[in-house]
Amino acid sequence: MGSVFTLKPPKPDEGNHVVYDEAWRTGIWSVMFKQPQLQIGRDYTPLPSVSTGKEEDEDELRFFIRRDPFGEVSRYLHSLDVGTPIEIRGPKIECPVPADTRQVLFIAGGTGIAPALQAGYTLLRRTSSTHKPRIHILWANRRRDDCAGGVNDTTIAKPQRSWFSGSSPSSTSTSAPPPTHVSPMVRELEALKIQYPGQVTVDYYVDEENAFIEKNAILEFTKSGSSSSGSSPRNMILVSGPEGFIGYMAGPKLWAQGMELQGPLAGIIRELDLKDWAVWKL
């Protein structure tokens, strides 16, 4: 399970307002948390404050962080008491969302949902009477608890091959039991849908229910896209999650000369040959 962490500066800093606001307007961004004992860092994606009703100019940053038993930084953060000072660095822009982007398909695995919320927030803030962008999110989790309370907007997930097992399930898809609670990220997604009615849709896929993202789920949204002129893409597919998930969907990212690169497009997205959509791996 994960927790939502809220960070506030020890004293007001007008410079933070300017830097963070520019990052929110640009696209998907992160900051680095430092584990001081081991001198290692990990990038985390701030959550937009849609569900809190606050504006992004208050210096406050929120993060959804899952406790990983093998993750040094996540275990360190979950061990801290409320009010403990911590060091962060950033922001770092991960992926700009061009100003004329019309549609975004976000394919998220696990905690990769945090960048999806950012992308939706950045995109939908540009809504006007003549420009109503849309975002459709496909969110895959291993357990129902991770997305408890989430209800599909457009599809009925069917049994398909899992990205992490590489094998097809033998049993049929099962309906989710009534939720006893709503997960924090589902609350965030519902708040975004309320603020921008008709412009946000979400479908949930749960491995333990034999429901996995398949090609038809991608095609259902992308087939409505159309080519556009200009150098900036107007339709984007963003993929975020564990390395295996990204590799299965769009091919692995690569390291070269100490830098992480996008690498060639592969996976099931390449098989679909979506010429009118720009693809970015997070």
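Residues numbered from 1 in each chain as written. Predicted model: local features only at pLDDT ≥ 70, side-chain atom pairs only at ≥ 80, totals over all residues. Heavy atoms only, no water.

## Notes on helix α6 (residues 243–250)
Phase 1 of the analysis: Within the sequence span of α6, burial applies to Phe245, Ile246, Met249 and Ala250. Buried residues along α6 cover an arc of 95 degrees about the axis, so they all sit on one side.
Phase 2 of the analysis: Tucked into the core, α6 has its buried residues touching β7 (103–109), β8 (134–141), β10 (235–240), α7 (267–272) and β13 (278–281). (Buried < 20%, exposed > 50% of the residue type's maximum accessible area, 1.4 Å probe, protein only. Helix = DSSP H or I, 4+ residues; strand = E, 2+ residues; numbered from the N terminus. Arc of directions from axis to C-beta. Contact = heavy atoms within 4.5 Å.)

## What to know about the pairing of β8
In summary, the side chains of a regular strand alternate between the two faces of the sheet.
Phase 1 of the analysis: A large share of β8 lies buried, amounting to seven of its eight residues.
Phase 2 of the analysis: The β-α-β motif built from β7, the intervening helix α3 (residues 113–124) and the parallel element β8 has right-handed crossover chirality.
Phase 3 of the analysis: With seven bridges connecting them, β8 and strand β9 (residues 200–206) associate as parallel partners. Bridging from a neighbouring strand, Ile135 pairs with Val200 of β9. (Right-handed = clockwise from strand over helix to strand, strands pointing away. Pairing = 2+ DSSP bridges.)

## Section: the layout of surface pockets
Phase 1 of the analysis: In this structure, the largest pocket encloses a volume near 1,400 Å³.
Phase 2 of the analysis: Arg42, Thr111, Ser240, Gly241 and Pro242 are, among the 41 residues lining the largest pocket, the residues nearest its centre.
Phase 3 of the analysis: Classifying every residue of the lining of the largest pocket gives 16 nonpolar, 11 polar and 14 charged.
Phase 4 of the analysis: Approximately 600 Å³ is the volume attributed to the second largest pocket.
Phase 5 of the analysis: Lining the second largest pocket are 23 residues, with Thr6, Leu7, Lys8, Thr84 and Ile86 sitting closest to its centre. (1 Å grid on protein atoms, 1.4 Å probe; cavity = no way out; pocket = protein on both sides within 12 Å on 5 of 7 lines; lining within 4 Å. Points joined across faces, edges and corners; volume = space filled by probe spheres on them. Nonpolar A, V, L, I, M, F, W, Y, C, P; charged D, E, K, R; others polar.)

## A word on a nonpolar patch on the surface
Phase 1 of the analysis: A cluster of nonpolar residues, Leu254, Met259 and Leu261, forms a patch on the protein surface that exposes about 270 Å² of accessible area.
Phase 2 of the analysis: Inspection of the secondary structure assignment puts Leu261 in strand β12 (residues 259–261).
Phase 3 of the analysis: On the basis of relative accessibility, which here comes to 37%, the residue Leu261 falls in the partly exposed class. (Patch = residues over 30% accessible without salt bridge, like charges linked within 9 Å, V, L, I, M, F, W, Y side chains within 5 Å. Areas by Shrake-Rupley, 256 points an atom, 1.4 Å probe, with all protein chains shown as cover. Salt bridge = Lys/Arg side-chain N within 4 Å of Asp/Glu carboxyl O.)

## Quick look at helix α4 (residues 184–195)
Phase 1 of the analysis: Between its first and last C-alpha, α4 extends 17 Å over 12 residues, near the 16 Å set by a 1.5 Å rise per residue.
Phase 2 of the analysis: What α4 keeps buried is the set Met185, Val186, Glu188, Leu189, Ala191, Leu192 and Lys193.
Phase 3 of the analysis: Check the buried side of α4 and you find it contacts β1 (2–7), β4 (46–47), β5 (61–66), α3, β8 and β9. (Expected span 1.5 Å × (residues − 1).)

## Focus on the nonpolar core
Phase 1 of the analysis: Phe106, Ile135, Ile137, Trp139 and Leu238 are the most contacted members of the largest nonpolar core, which totals 49 residues.
Phase 2 of the analysis: Here this core takes eight residues from α3, the largest share from any one element.
Phase 3 of the analysis: Apart from residues no more than four positions distant in its own chain, Ile137 is found in contact with Phe106, Ile113, Ala116, Leu189, Thr201, Val202 and Asp203.
Phase 4 of the analysis: Core analysis: the second largest hydrophobic core is formed by 20 residues, Ile218, Met249, Leu272 and Leu274 among them. (Core = buried A, V, L, I, M, F, W, Y, C linked by side-chain atoms within 4.5 Å.)

## Some points on the sheet that holds β4
Phase 1 of the analysis: With antiparallel pairing, the three strands of this open sheet are ordered in space as β1-β5-β4. Bordering the open sheet on either side are β1 and β4, each of which pairs with just one other strand.
Phase 2 of the analysis: One ladder, built from six bridges, connects β1 with β5; its direction is antiparallel. Looking at the pairing, Gly2 lines up with Arg66 of β5.

## Regarding unusual backbone geometry
Phase 1 of the analysis: The amide bond that connects Gly90 to the next residue, Pro91, takes the cis arrangement and shows omega of 10 degrees.
Phase 2 of the analysis: When you line up the elements, Pro91 lands in strand β6 (residues 88–96).
Phase 3 of the analysis: Of note, the phi angle at Gln257 is positive, near 55 degrees, even though the residue is not glycine.
Phase 4 of the analysis: Mapping Gln257 onto the fold places it in the loop between β11 (254–256) and β12.

Such coordinate-based values are descriptive only and should not be taken to indicate function.
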